[in-house]
Structure formats: structure tokens, C-alpha cells
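Per-entry structural report
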Amino acid sequence: MSAPTVEAPRRVLAWRPGPVALAGAIAVALVIAGEIVSPGFAGYGQLVNLMRVAAFLGVIAIGQTIVIIAGGGGVDLSVGKVATFAAIIGSRVMAGDDGNIVPAMALALLVAAAIGLVNGLGVTLLRIPPFVMTLGMIGVVQGLILAYTGGQASGRAAPALTSLVNGRVIADLPGLLFLWLLLGLLAVWLLRRTTFGWNLFAVGANRTAAELTGVRVNRTLILAYVLSATFAGLAGILLLGYTESVFLDLADQYMLPSVAAVVIGGTLLAGGIGGYSGTAVGAIVLTVLQGLLTTLDIGGAGRTVVNGVVLLVLLSLYGRQRRLRS
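Here the residue numbers are simple positions, counted from 1 along each chain's written sequence. With pLDDT at 70 or above as the cut-off, local features in this predicted model cover only qualifying residues; side-chain atom pairs require 80 or more to be listed or tallied, and sums for whole chains, interfaces and linings still use all residues. Side-chain metrics rest on all non-hydrogen atoms present in the structure, leaving aside hydrogens and water.

The name that an unreviewed UniProt entry assigns to the protein is ABC transporter permease, with the source organism given as Nonomuraea cypriaca. UniProt positions are given in the numbering used here, feature names are shortened, and annotations may be inferred rather than shown by experiment. Looking at the protein in UniProt, the text filed under Subcellular location (unreviewed entry) is "Cell membrane".

What follows is the structure, given as C-alpha cells:
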């Protein structure tokens, strides 16, 4: 009779929250802290604006999550530049005309997917490390942007796109948030309920074992990079709808935050463990943190330091999930 009495408190003491719960608690704590230092920070309108900003990072991070889960040191550093290029293409083709939305989005996403395909082929066939491949792709895409624009972005978002992103739908919430919810559900379904998702986790956990069980490793990796670039391109189109016009570095700042959101959400950098629900919460944490730092009037250098400290603390708390992986 004494054993259960001893074991129960021990289990309680050994329990630690999962990454998603921990990141969610941090987001709530940041909101409370913001309300304390600046009354109104936790107001409904302010929270809606923060969630809208988080949505852009959240959409880009869908593809980043897929690539990182695939393992092998996989990371896509080109997502920010790809999103910018897609927005530039979309802006020029739309030219402020609702009738051009479909061809503009089709062309922008097709170009983004082609860039992802090149990334995937470079990683799988040429055996270029993902970090090097996608870092080099930033320069390639930048060159394509300059060649396409001549150094001067032009065009304008179609009114229907702007209305979708900025227009209020239900409970004064912008349509962008509902679109993010749908894309998030799609990402969760893709990772957890499809053969591709199962193969992706298998490849991330152990590529040799996955290949021996019949998984087509190279095809899975190539598709992962194609999806990463495609979601980045979609995020760029949504950003265009938000800003209504475009400039040459529109989404460049999302490169590292997209990786940080994935890590904060508990996805293992080594691959094989994780999911998009944690990434979505990670995107919210980073956005609320940036909002709080802006409220406190902390400069760019200070924000970088704080972001790094938060990331290191979370990684230490997660313990990188070695027990689950084994």
C-alpha cells in the first residue's frame, strides 16, 4: 500500500509541461507583463493586431516546420527572400485589379515552388548541406528580384486581397486569422494524417531505417523543400495584401524568426519530433515578445539579446526531448 503513496508525489515532481503548453504559458505571461507596464496592452484590439502580425510568421513557419522535421540538419534560410519575391511578382501581375488575383497567385506560387525544387535537388542529389544550399539561394533569389524589377518594385495589391487580409469578418477579427487557422489545420493534417507526413517523421528520425522500410527518402526531402518555399510564397502574397504595396526586402526579416518559432514550439532540430501546433504558439510568443519590447522602447540590439536569451532558456527547459526520441 505504501508504494503508490511514494510513487505518486514522485511522478508529480518529475512532471514537466510539454513544449506547446510551456510556450503557451510564456505567451500568457508576456501579455500580462505587457498589461502591467502599459495598460491597454492586453486589450482586445491590441491582441487582435498582435495575432494578425503573428499570422504572417506562422504561415512562413509551416514550411520551415516541415523541413526541420525532415532532419539531416534541414533548415530553409531562403523563406524570407522567397516570400519577398512572391509578393513582388504578385504585386506586378495584380496591378490593383481583382481580375488578376488568380493568375498572380498562380505565377507567384509556381515560382516559389520552383525555387524550393532547386533547394531540394541541391540537398538530395548534389549533397549540399541544407544550411549552405538555402543560404546560397538567398543570393540567387536576390539576383532574380533585381533582374525582374530593375531595382524598383512596382504594382499594387488587388482590393479583394487587401479586404481578405485586413477586413473584419467575425467578432471584429480579420479574415487573415481565419485563413491562418485553416492553413494550420491543413498543416496538422498533412503531418499527422497523410503518408507524406508519416514518411517525413520516419526520414527525420532515421534516414537509413526509413529507406530500408521502403520510404523514398529523396522524394520526401524534395517535396519538403517545395512545400517550404510554397508556403513562404503564400505568406508573401498575404503580406502584400496587408501592406497593399511591395518593396525589395518586404519579408526578409522572417528568415530567423521562422526557425525560432519552430524551435520554441518544441520541434527537434535534429528532426523526427515536433508538429505545427507548437510552431503556431511559438510564432505567437515571438510576436508578443516583440510587441512588449517595442512597448518598453528597447532598441534593436536589446531585442536581439532578449530573443536569444528566451530561446536558450526554452531549449534548456525542453531538454531537447532525448527521452522521447529514444
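On we go from here.
Helix and strand labels come from DSSP, where a helix needs a run of H or I of at least four residues and a strand needs a run of E of at least two; each type is numbered from the N terminus. From N to C terminus, the protein includes 15 helices and two strands. Exposure classes here rest on a 1.4 Å probe applied to the protein chains alone. A residue is buried below 20% of its type maximum, exposed above 50%, and partly exposed in between. Going through the 326 residues of the protein one by one, you find that 48% of them count as buried. Contacts were defined at the residue level, with two residues in contact if any of their heavy atoms lie within 4.5 Å. Taking the intrachain contacts of the protein between residues at least 6 apart in sequence as the baseline, contacts between residues at least 24 apart amount to 76%. Residue burial considers only the protein chains on display, and all accessible areas are found by Shrake-Rupley using a 1.4 Å probe. Working note: accessible area of the protein is about 14900 Å², and carbon and sulfur atoms make up 69% of it. Of the charged side chains in the protein, 19 are positive and 11 negative; the average position of the first set lies 15 Å away from that of the second. In this tally, Lys and Arg are treated as positive and Asp and Glu as negative; His is ignored, and so are the chain termini. A charged residue contributes its charge at one atom only: NZ of Lys, CZ of Arg, CG of Asp or CD of Glu.

In this section: helix H11 (residues 217-243). Under the 1.5 Å per step criterion, the end-to-end length of H11 is 39 Å for 27 residues, consistent within 8% with the ideal 39 Å. Among the 27 residues that make up H11, 21 are buried, leaving the element largely enclosed by the rest of the structure. Phi turns positive, to about 75 degrees, at Glu244, one or two residues after H11. What a helix should span is 1.5 Å times the count of its residues minus one.

Looking now at the nonpolar core. Buried Ala, Val, Leu, Ile, Met, Phe, Trp, Tyr and Cys residues that are joined via side-chain atoms within 4.5 Å together make up what is termed a nonpolar core. The biggest cluster of nonpolar side chains holds 94 residues, and the ones touching the most others in it are Ile66, Trp180 and Leu200. Among the elements that make up this core, the one with the highest residue count is H11 (14 residues). Here Trp180 is in contact with Met51, Ala54, Ala55, Gly58, Val59, Tyr276, Ala280 and Ile284, once residues within four sequence places are set aside.

Patch membership requires over 30% relative accessible area and the absence of a salt bridge. Like charges are linked within 9 Å, and nonpolar side chains (Val, Leu, Ile, Met, Phe, Trp, Tyr) within 5 Å. Take a side-chain nitrogen of Lys or Arg and a carboxyl oxygen of Asp or Glu: if they are within 4 Å of each other, that pair is a salt bridge. On the surface, Val28, Ile32, Ile36, Val37 and Leu296 cluster together to form a nonpolar patch covering roughly 470 Å² of accessible area. Secondary-structure assignment places Val37 in helix H2 (residues 19-37). Taking the relative accessible area as the measure of exposure, Val37 reaches 48% and is therefore partly exposed.

For the pair helix H4 (residues 79-94) and helix H5 (residues 101-124), interaxial distance at closest approach is 8 Å and the crossing angle is 155 degrees. Judged on the interaxial angle alone, H5 and H4 are roughly antiparallel. Seen from above, H4 lies across H5 with right-handed handedness. The residues of H5 that touch H4, namely those facing Val82, Phe85, Ala86, Ile89, Gly90, Val93 and Met94, are Ile101, Pro103, Ala104, Met105, Leu107, Ala108, Val111, Ala112 and Ile115. Each residue receives one of three labels: charged for Asp, Glu, Lys and Arg, nonpolar for Ala, Val, Leu, Ile, Met, Phe, Trp, Tyr, Cys and Pro, and polar for the others, Gly being one of them. A class-by-class count of the residues in the contact of H4 with H5 yields 15 nonpolar, one polar and no charged. Axes, fitted as lines to C-alpha atoms, cover a helix only where it is in contact. Angles between the N-to-C directions of the axes lie from 0 to 180 degrees. In what follows, roughly perpendicular refers to angles from 65 to 115 degrees, roughly parallel to angles under 35, roughly antiparallel to angles over 145, and oblique to any angle outside these ranges. Left-handed describes a crossing whose near helix is turned anticlockwise from the far helix by less than a right angle; the clockwise case is right-handed.

In this section: unusual backbone geometry. Located in the positive-phi region is Arg127, a residue other than glycine, with phi close to 60 degrees. Checked against the element boundaries, Arg127 lands in the loop between H5 and helix H6 (130-149).

By secondary structure assignment, the location of Thr149 is in helix H6. Whenever a nitrogen or oxygen atom comes within 3.5 Å of another N or O atom, the pair is scored as a polar contact, on the condition that within protein one atom can donate a hydrogen and the other can accept it, and that pairs from neighbouring residues in sequence are kept only if both atoms are in side chains. In terms of polar contacts, Thr149 uses its side chain to reach the backbone carbonyl oxygen of Ile145, at 2.8 Å.

The next point concerns the UniProt feature "transmembrane region" (unreviewed entry) in the protein. Those residues carrying the UniProt feature "transmembrane region" (unreviewed entry) are residues 20-41, 53-71, 102-122, 128-148, 169-191, 222-242, 254-278 and 298-318 in this numbering. Summarising residues 20-41: 82% helix, 0% strand, and an end-to-end C-alpha distance of 23 Å. As annotated, residues 169-191 has a helix share of 74% and a strand share of 17%, and its two end C-alpha atoms lie 29 Å apart.

What follows deals with H4. Under the 1.5 Å per step criterion, the end-to-end length of H4 is 22 Å for 16 residues, consistent within 8% with the ideal 22 Å. Of all 16 residues in H4, 14 are buried; the element is thus mostly enclosed. Following H4 by one or two positions, Ala95 has its phi on the positive side, about 50 degrees.

Note on scores: pLDDT gives the predictor's confidence for each residue, bounded by 0 and 100. Model confidence for the protein is summarised by a mean pLDDT of 88, while 91% of its residues fall at 70 or above. Residue range residues 320-326 is modelled with pLDDT below 50. Its contacts to residues more than four positions away, or to other chains, number 15 contacts.

So, on to the environment of Gly265. Following the sequence through the fold, Gly265 ends up in the loop between helix H12 (255-264) and helix H13 (276-295). Its relative accessible area of 8% is what places Gly265 among the buried residues. A C-alpha to C-alpha distance of 16 Å links Gly265 and Arg192, two positions 73 residues apart in sequence. Excluding residues within four positions of it along the chain, Gly265 makes contact with Pro19, Val20, Gly278 and Thr279.

The description of an aromatic ring pair uses the distance of the two centres, along with the angle that the planes make with each other. Stacked, tilted and edge-to-face are the three classes assigned to paired rings of Phe, Tyr and Trp, where Trp is represented by its six-membered ring and a pair needs centres within 6.5 Å; plane angles under 30 degrees give stacked, over 60 edge-to-face, the rest tilted. Using the criterion set out here, one finds two aromatic pairs in the structure. Over the ring of Tyr148 we find Arg92, and its NZ or CZ is 4.4 Å from the ring centre. Ring-over charges, as used throughout, are those where CZ of Arg or NZ of Lys falls within 6 Å of the ring centre and within 35 degrees of the ring normal.

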